[in-house]
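Working through the structure, step by step
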Amino acid sequence: QVHLVQSGGGLVQAGGSLRLSCRTSGINFKISRMAWYRQDPGKQRDLVAAISSDGSTNYADSVKGRFSISRDNARATVYLQMNSLKLEDTANYYCQTTWRALNYWGQGTQVTVSS
């Protein structure tokens, strides 16, 4: 079975930092592209950042220069370091991967940025 278990998140003041983690099992993590998405209630889930198996990354324009995605193949874990957080970063964050043509999601982590 494939599992993506998230940790981190919470409440932070604007300008602060948080780190999200997503530990995986049941996949060959080393060859898997991993991604973070976020979603506001009633809105679609948007890509925040992604990292390929070779370490190449891409980011949504809104988070470039502030967020950093990384991976630890030994721990089968992907991270999202979020710095200089803004009010508009408030959302539920999900890690995601595709394994054997199926999409898998973490359970979601609420990030709330306060003024």
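In short, a report on the structure. Here the residue index of a chain counts from 1 through its sequence in written order. At least 70 in pLDDT is required for a residue's local features to be given in this predicted model, at least 80 for side-chain atom pairs to be given and counted, and no such filter applies to totals for whole chains, interfaces and linings, which use all residues. Note: side-chain values were computed over all heavy atoms of the structure, leaving out hydrogens and water.

Within the protein one finds 0 helices and 11 strands. Secondary structure elements follow DSSP: runs of H or I no shorter than four residues count as helices, runs of E no shorter than two count as strands, and numbering proceeds from the N terminus. Reading the protein from its N terminus to its C terminus gives the helix and strand order β-β-β-β-β-β-β-β-β-β-β. Here the C-alpha atoms of the protein give a radius of gyration of 13 Å, agreeing with the 13 Å that 2.2 N^0.38 yields for 115 residues. The dimensions of the protein, computed from C-alpha atoms along their principal axes, are 40 × 25 × 20 Å. The buried label applies to any residue whose accessible area, calculated with a 1.4 Å probe on protein chains only, is under 20% of its type's maximum; exposed applies above 50%, and partly exposed to all values in between. Burial statistics for the protein: of 115 residues in total, 43% are counted as buried. Only C-alpha atoms enter the radius of gyration; for comparison, a globular chain is expected to reach 2.2 Å times N to the power 0.38, where N is the number of residues.

Moving on: the sheet that holds strand β7 (residues 67-72). Paired strands, as defined in this entry, are two strands with at least two bridges between them according to DSSP. Pairing is antiparallel across the open sheet formed by 4 strands, whose spatial order is β1-β3-β8-β7. What marks the edges here is a single partner per strand, and that holds for β1 (3-8) and β7. Strand after strand, the sheet turns through a mean of 15° between neighbouring axes, direction not considered. Direction of pairing for β7 relative to strand β8 (residues 77-82): antiparallel, over a ladder of 6 bridges. Across the sheet, the residue bridging to Ser70 is Tyr79, located in β8. Note on geometry: axes are C-alpha line fits, over the in-contact stretch for helices, and angles between N-to-C directions span 0 to 180 degrees.

The sheet contact formed by β1 and strand β3 (residues 18-25) spans 6 bridges and is antiparallel. Paired with Val5 across the strands is Arg23, a residue of β3. Examined bridge by bridge, β3 and β8 share 6 bridges and lie antiparallel to one another. Residue Ser21 lies in a different strand from β8, and its bridge partner there is Tyr79.

This paragraph deals with the environment of Gly15. Within the fold, Gly15 resides in the loop between β2 (10-13) and β3. By relative accessible area, Gly15 is classed as exposed at 55%. Between the C-alpha atoms of Gly15 and Leu85, which are 70 residues apart in sequence, the distance is 4.8 Å. The contact definition used throughout considers only heavy atoms, calling two residues in contact when any of these lie within 4.5 Å. Setting aside residues no more than four positions away along its own chain, Gly15 makes contact with Ser84 and Leu85.

All right, on to the pattern of salt bridges then. By definition, a salt bridge exists where a carboxyl oxygen of Asp or Glu is found within 4 Å of a side-chain nitrogen of Lys or Arg. Counted by the stated rule, this structure contains 4 salt bridges. Here Asp89 ties to Arg38 by a salt bridge, and the two come within 2.9 Å at their closest N and O atoms. Of this pair, Asp89 sits in the loop between β8 and β9 (91-99) while Arg38 sits in strand β4 (residues 34-39), and the two are 51 residues apart along the sequence. Residue Arg38 is classed as buried on the basis of its relative accessible area of 14%. Here Asp61 and Lys64 are joined by a salt bridge, their closest N and O atoms 3.1 Å apart.

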